[in-house]
Amino acid sequence: MFSNPDPPIDLSHCVIEDHWFGQTVVVTCRGVLDMLTAPVLERHLVETVEGHPSAVVIDLTGVDFLASHGMSVLIASYDRVSDQLPLCVVADGPISRPLKLVGFDELMPMHARLDQALQQVQSDTRQAFV
């Protein structure tokens, strides 16, 4: 007897988009960042970096729930690219609290607003060329 395969995983509860500001890319994540969606974000970040941006900002202000899997992806992404280009995270409100509790803000640049993050990475990019 054959059973029906599991239905495909619906990831509509997590939306990931790129927004380019010159050579700086803002990867915006909205919804839930958990064990199902974190690998999707990880693949997306790898593909985005292959597009050779001068800096990456990961905007989590639209994230409703951030699990440890999501945090792990952020840390791995930072470790992978921080020697090559500036990377920072934007998080505010309930999502920023667990990040700060685990010391995430001491590991990598974290901002409450997107404009602050863009200013910082663009400044870092200019300094790299001086």
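Per an unreviewed UniProt entry, the recorded name for the chain is Anti-sigma factor antagonist, and the organism is Mycolicibacterium murale.

What about the overall build of the chain?
Counting its regular elements, the chain contains five helices and five strands. The linear arrangement of helices and strands in the chain, starting from the amino end, is β-β-α-β-α-β-α-α-β-α. Taken over 130 residues, the chain has a buried fraction of 42%. Considering only intrachain contacts with a sequence separation of at least 6, the fraction spanning at least 24 residues in the chain is 68%. Of the roughly 7,700 Å² that the chain leaves accessible, carbon and sulfur atoms contribute 55%.

Points about unusual backbone geometry
The general pattern is negative phi for most residues beyond glycine and trans for most peptide bonds. Located in the positive-phi region is His52, a residue other than glycine, with phi close to 60°. Take His52: it is sitting in the loop between helix H1 (38-49) and strand E3 (55-66). You can call His52 exposed: its relative accessible area is 63%.

Concerning the sheet that holds strand E1 (residues 14-21)
Pairing within the open sheet is mixed, and its five strands lie in the order E1-E2-E3-E4-E5. On the outer flanks of this sheet lie E1 and strand E5 (110-111), each paired with one strand and no other. Direction of pairing for E3 relative to strand E4 (residues 87-90): parallel, over a ladder of four bridges. Bridge pairing in E4 links Val57 to Cys88. Its contacts with the sheet place H1 against E1, strand E2 (24-33) and E3, and it is angled at close to 175° to E2. Docked against the sheet, helix H2 (residues 68-81) engages E2, E3 and E4, running at close to 175° with respect to E3.

Conventions adopted
Residues numbered from 1 in each chain as written. Predicted model: local features only at pLDDT ≥ 70, side-chain atom pairs only at ≥ 80, totals over all residues. Heavy atoms only, no water. Helix = DSSP H or I, 4+ residues; strand = E, 2+ residues; numbered from the N terminus. Buried < 20%, exposed > 50% of the residue type's maximum accessible area, 1.4 Å probe, protein only. Contact = heavy atoms within 4.5 Å. Areas by Shrake-Rupley, 256 points an atom, 1.4 Å probe, with all protein chains shown as cover. Pairing = 2+ DSSP bridges. Axes fitted to C-alpha atoms, helices over the stretch in contact; angles between N-to-C directions.

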